[in-house]
Amino acid sequence: MKGYYKVLWHSALLLAFIVGGSYFVSGLWGGKPEKIDADRTFSFSPGMTALDFASVNGLPAPALGAALGLRGREGLERSLASFGFSEPELSLKVQKSLALHNEERSKNWKKIVLKFALWFAFLGAVFILMRRGLIKYRLRNALYFAAVAIFGVVLGSDPSPMGTVKDAIVLFGAKGVFFPPRLAALAVFLLLVILANKFICSWGCQLGVLQDLLFRLSRDKNGRSILRQYKPSFEFTNTVRIIFFSVFTAAALAWGLDIVEPVDPFKIYNPAMVKMAGWLFIGALLSASLFIYRPWCHLLCPFGLVGWLAEKVSIYKIRVNYSTCIACGTCELACPSTVMSAILRRGRSIPDCFACGECQSACPTRSVTFSSGRRDLPPAGKFK
Ligand code: SF4
Ligand code: SF4
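Model, not experiment: these values are computed from the prediction.

Undergrad: Pulling in residues and values, what's your account of the overall build of the protein?
TA: Scanning the protein from N- to C-terminus turns up 17 helices and 2 strands. Overall, the C-alpha framework of the protein stretches about 85 × 45 × 35 Å when taken along its three principal axes. Among the 384 residues that make up the protein, the fraction classed as buried is 40%.

As structure tokens, this is what we get:
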């Protein structure tokens, strides 16, 4: 079979497996769709108790109790007036409390705990393999496929590193609250970035690994592109990403709008939720992934941008030992992005490194390592 037919055939099979498998598995998990309710108006009347207010407005008692600063149901028999809130104040408190209550109820906590446990186990194993320089072509693709199957098809579109940033901004814009478990998840993801570069993006994010796998399907085992592949400049991709992040944040804060939601590509793992616009966008994005390395991560992902900033203080990262490096440029050629060029040529800013280890396995003198410590500057003039 000609190389490019093979790429298209393998990509089509992979996507059929993801859509079919996810459709089946997401049905088994069940659960409520995550959506932020529109602001409501509440009925008040003088002399109402808190319990009357809850029953007239169909409010869950715990959400109302939290809004009134009560513990459990105790105090719900008190009159509303005794809490000393004006109607607008009470309405705002109840809206916020309801939003947090609904967030909490929409989560499948068992699945979330399982996903984080498997993330730690999987990333730990890959970290060891990477430190030993054992990740080569076949194993790399097998690991990406395993990550797609486990973190995407089986464990679904949520949670994801991107969701922690995107949904936190949208919920704050719409309701003025942060959902504490989401902030805790974001803190965990950022800690992972600080520990080991974008390791969570490289090997754990269900959309990141899918784009990566598609990109690799378009390369042969010697790292040569079968379909023509491009490396857009980081100045371009990061500018687009910053502009998109600003527009996204402005829309969320000004109108409580989530402009990613209609085309959210993570929803490929929950196909029943995807509409026509979403399929068109996902199709375009995944097709682009055959030609450009991780287009969503580089151009649009909110966590991509936040993680790139956190990456600046990563403990483990790709480093080059210039005393053994023979300046052959093999690692630069192997790197799917422009990171290695920036490292070797003292670039003003280093693009997102997805800790894929391709440069490490390509180096003929083992001068590239994934190790801790400061990244040395190359000797001036070593790389023309
Ligand atoms: S940057 Fe890419 S890998 Fe990281 S969270 Fe976003 S989509 Fe996932
Ligand atoms: S090949 Fe590029 S993206 Fe991959 S680890 Fe090396 S520098 Fe980072």
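From this point, things continue past the structure.
Undergrad: Mind laying out the environment of Ser22, listing which residues take part and the relevant values?
TA: Among the structural elements, Ser22 can be located in helix H1 (residues 3–29). A tally of 22 C-beta atoms within 10 Å means that Ser22 is categorised as buried. When the C-alpha positions of Ser22 and Leu70 are compared, they lie 41 Å apart, and in sequence the two are 48 residues distant. Residues contacting Ser22, with those up to four places away along its chain left out, are Gly152, Val153, Ile268, Tyr269, Asn270 and Pro271.

Undergrad: Requested: an account of the site of ligand 1, with residues and values cited.
TA: In the region of ligand 1, 13 residues are neighbours, and Cys201, Cys205, Gly208, Cys297 and Gly304 sit closest. Among the secondary structure elements, those contributing two or more residues to the shell around ligand 1 are helix H7 (161–175), helix H10 (206–217), helix H13 (295–299) and helix H14 (302–310). A per-class count over the shell around ligand 1 returns 9 nonpolar, 3 polar and 1 charged.

Undergrad: Now, about H10: what can you tell me, with residues and values included?
TA: With 12 residues, H10 should reach 16 Å at 1.5 Å per residue; the first-to-last C-alpha distance of 17 Å fits that figure. With 12 of its 12 residues buried, H10 lies for the most part within the structure. For H10, the full list of buried residues reads Gln206, Leu207, Gly208, Val209, Leu210, Gln211, Asp212, Leu213, Leu214, Phe215, Arg216 and Leu217. Next to the buried residues of H10 lie H1, helix H6 (137–154), helix H9 (199–203), helix H12 (276–288) and H13.

Undergrad: How would you explain the domain arrangement of the protein if you had to name every residue and give the values?
TA: What the domain assignment lists for the protein is domain 1 (3–31 + 108–309), domain 2 (50–106) and domain 3 (314–372). The C-alpha-based centres of domain 1 and domain 2 are spaced at 37 Å. Contacts between the two partners involve 5 residues from domain 1 and, on the opposite side, 5 residues from domain 2. Split by residue class, the side of domain 1 that touches domain 2 holds 3 nonpolar, 1 polar and 1 charged.

Undergrad: Let's hear about the environment of Lys96: which residues, and what values?
TA: Tracing the backbone shows Lys96 in helix H4 (residues 87–106). Under the C-beta neighbour-count criterion, Lys96 is labelled partly exposed, with 17 such atoms within 10 Å. For the pair Lys96 and Ala174, spaced 78 residues apart in sequence, the C-alpha separation works out to 9.4 Å. Apart from the residues lying within four places of it in its own chain, the contact partners of Lys96 are Lys175, Gly176 and Val177.

Undergrad: For the packing of H6 against H10, give the residues involved together with the corresponding values.
TA: Packing of H6 against H10 leaves a shortest axis separation of 9 Å and a crossing angle of 145 degrees. At the point where H6 passes H10, the crossing takes the left-handed sense. Only Gln206, Val209, Leu210, Asp212, Leu213 and Arg216 of H10 make contact with H6, whose side of the interface consists of Arg140, Asn141, Tyr144, Phe145, Ala147, Val148, Phe151 and Gly152. The residue makeup of the contact of H6 with H10, split by class, is 8 nonpolar, 3 polar and 3 charged.

Undergrad: Describe unusual backbone geometry, with residues and values.
TA: Going from Asp158 to Pro159, the amide bond is cis rather than trans, its omega being 0 degrees. Considering the arrangement of structural elements, one finds Pro159 in the loop between H6 and H7. A positive phi is found at Arg366, a non-glycine position, where the angle reads about 55 degrees. Note on placement: Arg366 falls in the loop between helix H17 (358–362) and strand S2 (368–372).

Undergrad: Give me the site of ligand 2: which residues, what numbers.
TA: Cys335, Val339, Cys353, Cys356 and Cys359 are the nearest of the 13 residues found near ligand 2. When grouped by side-chain class, the residues that make up the shell around ligand 2 number 10 nonpolar, 2 polar and 1 charged.

Undergrad: Any chance you could break down the packing of H1 against H10 for me, citing the residues and the numbers?
TA: Across the interface, H1 lies against H10 with an axial gap of 9 Å and an inter-helix angle of 155 degrees. With respect to their mutual orientation, H1 and H10 come out roughly antiparallel. As for the relative orientation of H1 and H10, their crossing is right-handed in sense. Here H1 contributes Val7, His10, Ser11 and Leu14 to the contact with H10, which in turn contributes Leu213, Leu214 and Leu217. When the residues that make up the contact of H1 with H10 are grouped by side-chain class, the tally is 5 nonpolar, 2 polar and no charged.

Undergrad: Summarise the nonpolar core; cite the residues concerned and give the values.
TA: Grouped together as the largest cluster of nonpolar side chains are 91 residues, with contacts concentrated most on Leu64, Val148, Ile200, Val209, Cys331, Ala355 and Cys359. If near-sequence neighbours (up to four positions away) are discounted, Val209 is found in contact with Tyr144, Ala147, Val148 and Trp203.

Undergrad: How would you summarise the environment of Ala254 if you had to cite specific residues and measurements?
TA: Mapped onto the secondary structure, Ala254 falls in helix H11 (residues 234–255). Residue Ala254 is classed as exposed on the basis of its C-beta count, with 9 C-beta atoms lying within 10 Å. Taking the C-alpha atoms as reference, Ala254 lies 25 Å from Asp158; in sequence the two are 96 residues apart.

Procedures and definitions
- Residues numbered from 1 in each chain as written.
- Chains lettered and ligands numbered in written order.
- Predicted model: local features only at pLDDT ≥ 70, side-chain atom pairs only at ≥ 80, totals over all residues.
- Helix = DSSP H or I, 4+ residues; strand = E, 2+ residues; numbered from the N terminus.
- Buried ≥ 20, exposed ≤ 12 C-beta atoms within 10 Å, placed from the backbone.
- Contact = placed C-beta atoms within 7 Å.
- Near = placed C-beta within 6 Å.
- Nonpolar A, V, L, I, M, F, W, Y, C, P; charged D, E, K, R; others polar.
- Expected span 1.5 Å × (residues − 1).
- Domains from an automatic or database assignment.
- Axes fitted to C-alpha atoms, helices over the stretch in contact; angles between N-to-C directions.
- Left-handed = near helix turned anticlockwise from the far one by under 90°.
- Parallel < 35°, antiparallel > 145°, perpendicular 65-115°, else oblique.
- Core = buried A, V, L, I, M, F, W, Y, C linked by C-beta atoms within 7 Å.

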